[in-house]
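Structural description and commentary
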Amino acid sequence: MTEPPIDVHTYYRQVTDIDIGEIAHELLGGRITQQSRQILFCDCPNHRSQSHRSLHVWLDKQGWFCHGCGTGGDVLQLVEFVRHGVATRGHSGRMPDSHRDARDFLAARAGLSPLSKAASGNMEESEENYRMAVRVREALTALADVYHERLLGNAEVLGWLRAKYRIGDETLERLKIGFAEDGEASAARILMEGPGGFTLRELTATSAFRPTPQDGIVPFFDRRIVFPYWSRGRVVFMIGRRTPWTPDQEWERSKYKKLAVRNERNHEHVAGCIRNDVLYNEDVLLTRPERVIITEGVTDCISLMEHGFPVVSPVTVQIREADWERLLPKLAGVKTVYICQDNEVSEAGMHGALKTARILAGHGIATRVAFLPLGDKQKAARQKLAVLASGAAEADELMADAKIDVNEFFASGK
Ligand SMILES: [Zn+2]
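All residue numbers refer to position in the chain's written sequence, counted from 1. It should be noted that, the model being predicted, local features are given only for residues of pLDDT at least 70 and side-chain atom pairs only at 80 or more, the latter also being counted only at that level, while totals for whole chains, interfaces and linings use all residues. With hydrogens and water excluded, all non-hydrogen atoms of the structure serve as input to the side-chain values.

Numbering goes from the N terminus for both helices and strands, where a helix is a DSSP run of H or I of at least four residues and a strand is a run of E of at least two. From N to C terminus, the protein includes 16 helices and 15 strands. The C-alpha atoms of the protein give a radius of gyration of 22 Å, which matches the 22 Å a tight globule of 414 residues would have. Each principal axis of the C-alpha atoms in the protein carries an extent, and together these give about 70 × 55 × 50 Å. Three exposure classes are used, based on accessible area relative to the maximum for each residue type with a 1.4 Å probe and protein chains only: buried under 20%, partly exposed in between, and exposed over 50%. Across the 414 residues that make up the protein, the buried fraction comes to 51%. Exposure was quantified through the Shrake-Rupley algorithm and a 1.4 Å probe, taking into account, for residues, occlusion by the shown protein chains and nothing else. As displayed, the protein has an accessible area near 19,800 Å², and 50% of this comes from carbon and sulfur atoms. Positive charges come from Lys and Arg, negative ones from Asp and Glu, while His and the chain ends are left out of the count. For this purpose, a charge sits on NZ of Lys, CZ of Arg, CG of Asp or CD of Glu. The protein carries 53 positive and 56 negative side-chain charges, and their two centres are separated by 2 Å. Each radius of gyration reported is based on C-alpha atoms, and the globular scaling rule is 2.2 Å times the count of residues to the power 0.38.

Listed below in C-alpha cells is the structure:
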C-alpha cells in the first residue's frame, strides 16, 4: 500500500518525533558516562576526550552539543553524527548521503517510508525547503543568544525581570531568555556579520525582523522580554512580554506579542516553519511523562519547570481547536493531565480549563483541574472589590491584585 504524499515539514517533524534520550541510549549506550535530570554526558565517538563527557544531550531542549567537536543539533543530526561523524547544517546544494541515511534510519523507527518515496514533488525540492527551515531556526537560536546577552548587560531590566517573576539565573541562561534591544550594533548586523552569516532574506523569514519599504529590516520586538520556544535543540518561535521600556505606541499595547506567522494574505516574508501551534516546552511530551500539567502563561510554565514538573503551555487561556489533532496523540500515553490556570475574578482561566478538560475526557484522558489557593493579597483585594461601586477608578488595580497565577504562587514562596 502506498501512503498519500505529505509535505516535507510534516515529514521531518514526524521522523524527529522521538525522544533524543531514547536514541542516545540506543546509539551511544556505554558511552553515556553521567546523567542528570536534564543532561546526558557522553564520551564523544568522534574525538579523543580526556573528560569522556564532552558530548551533552539535553533531554529538556531535545538537542545536543559536543564541546570537543564544536558541533550539535537535533536528534536527526545526532544520528548522522554518531553513524557518519558529521552533522549536516543548512548549507546549500544536494543533501549528503549521511543526512539521507540518518533520515531513513529515523523514518524506519517512525514506521514511515523513506522521503524519496513519501514526499510530494521531487526530493531535492523537499530538501531545499528543509534546509531553509534549518537556517531559519539557526538564525532564531543565534538571535536568542544576542537578546540574552543584552538582558545580562542591562542591570535595570534584569532587576525588573527578577523581581517580577523570580526566575533563577540558571533558568534564564538555559532557556536563553532575553531583552530585545538594539544597541550600538543592531542585532541584525551581528547575525549577518557573525559566524552564521545570515542573509536579509533569512532574517525576515524568522519573523523576528520585518522588511521595510526601503529594503532594510527592523526588529519585530522592541524592548520586550523575549521568551524563546525550544524544540529539537533549537529556537522555533518567540513571544515577547511588554516592559516599562517598551515604546508607548498603540501597536505595542498588548502585554504579550507572538511572532507573526505567514498566511494567505500577509507576511509573505515569513518562512512556513514559523508556526504558532507549537506549545511552550512541548518537547517534554517526547519523554513520555506519566503526568503533564497544562498551564496558561509562559512564566507559569517556567516556574513549574523550575520546580521539576513536566509542563506545557499554549500561552493562552485555551488551546485552539486546530491544535488538538496534533496534540492528542502526544498526550495519549499520559496517564493524567492537570490543568492549572489563573484564579481570577472573571474566572476566564477556569472556564478555559473546564472546556479543555471536557475535550481531553472525551478522548479518554484522565484530567484534573487544579485550583490555586488565594494568598492574603488576593483575599484583601476581593474584599475591597465587593464593597466598591463598579467602574470606580481603583477597580482595575484591585482586579489585578485579586488574581493569582502559577508564577506568583511560587514567587510568593509557596
Ligand atoms: Zn566530539
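To qualify as a nonpolar core, a set must consist of buried Ala, Val, Leu, Ile, Met, Phe, Trp, Tyr and Cys residues joined through side-chain atoms within 4.5 Å. Ile177, Phe209, Phe227, Met238, Leu259 and Tyr280 are the most contacted members of the largest nonpolar core, which has 62 residues in total. Going through the elements one at a time, helix H6 (123–152), helix H7 (155–165), helix H9 (187–193), helix H10 (200–205), strand E9 (225–231), strand E10 (234–241), helix H11 (298–306) and helix H16 (406–411) are the ones with two or more residues in this core. The element best represented in this core is H6, accounting for 9 residues. Every residue pair with non-hydrogen atoms within 4.5 Å of one another is taken to be in contact. In this structure Tyr280 touches Leu175, Phe227, Pro228, Tyr229, Val298, Cys301, Ile302, Met305, Val311, Val312, Ser313 and Val315, once residues within four positions along its chain are discounted. Val8, Leu28, Leu40 and Val134 belong to the second largest nonpolar core, which has 35 residues in total.

The pocket and cavity definitions rest on a 1 Å grid over protein atoms only: a 1.4 Å probe that fits but cannot leave marks a cavity, an open set with protein on both sides within 12 Å along at least five of seven lines marks a pocket, and residues lining either have an atom within 4 Å of a point. Grid points are joined across faces, edges and corners, and a volume is the space filled by probe spheres set on the points. When its volume is computed, the largest pocket comes out at roughly 810 Å³. Lining the largest pocket are 30 residues, with Phe65, Arg89, Thr141, Ala142 and Asp145 positioned closest to its centre. For the lining of the largest pocket, the secondary-structure elements that each account for two or more residues are strand E4 (63–66), strand E5 (71–73), H6, helix H8 (169–174) and H9. Per-element accounting of the lining of the largest pocket gives the leading share, 6 residues, to H6.

This part covers the packing of helix H4 (residues 97–110) against H6. To describe two helices that pack against each other, one gives the angle between their axes and the distance between the axes. Running from N to C, H4 and H6 point in directions that differ by 90°, and their axes come no closer than 13 Å. When the axes of H4 and H6 are compared, the pair comes out roughly perpendicular. Across the interface between the two elements, His99, Arg100 and Arg103 of H4 pack against Met123, Glu124, Glu127 and Tyr130 of H6. Three residue categories are used. Nonpolar comprises Ala, Val, Leu, Ile, Met, Phe, Trp, Tyr, Cys and Pro, charged comprises Asp, Glu, Lys and Arg, and polar comprises the others, including Gly. Looking at side-chain class alone, the contact of H4 with H6 contains 2 nonpolar, 1 polar and 4 charged residues. Every axis corresponds to a line fitted to the C-alpha atoms, with the helix fit spanning only the stretch in contact, and the corresponding angles, defined between N-to-C directions, vary from 0 to 180 degrees. Small angles under 35 degrees read as roughly parallel and large ones over 145 as roughly antiparallel, with 65 to 115 read as roughly perpendicular and the rest as oblique.

Here we come to the coordination of the zinc ion. Coordination angles at a metal have ideal targets, namely 109.5 degrees for four tetrahedral donors and 90 or 180 degrees for six octahedral donors. For the zinc ion, the full set of protein donor atoms is Cys44 (SG), His47 (ND1), Cys66 (SG) and Cys69 (SG), at a range of 2.2 to 2.3 Å. Bound by 4 donor atoms, the zinc ion shows angles of 97 to 118° at the metal and therefore tetrahedral coordination geometry. Each metal's donors are the N, O and S atoms within 2.8 Å of it, or within 3.2 Å when it is Na, K or Ca, and because water is not part of the set, sites may look incomplete. Going along the chain, you hit the donors of the zinc ion in the pattern C-x2-H-x18-C-x2-C. Residue Cys44 is located in the loop between strand E2 (39–42) and strand E3 (55–58), and its partner Cys66 is located in strand E4; the two are separated by 22 residues in the primary sequence. For the pair Cys44 and Cys66, one class covers both residues: buried. A four-donor site is classed as tetrahedral when every donor-metal-donor angle falls between 85 and 135 degrees; four donors are called square planar, and six octahedral, when trans pairs exceed 155 degrees and all remaining angles lie between 65 and 115, with any other arrangement labelled irregular.

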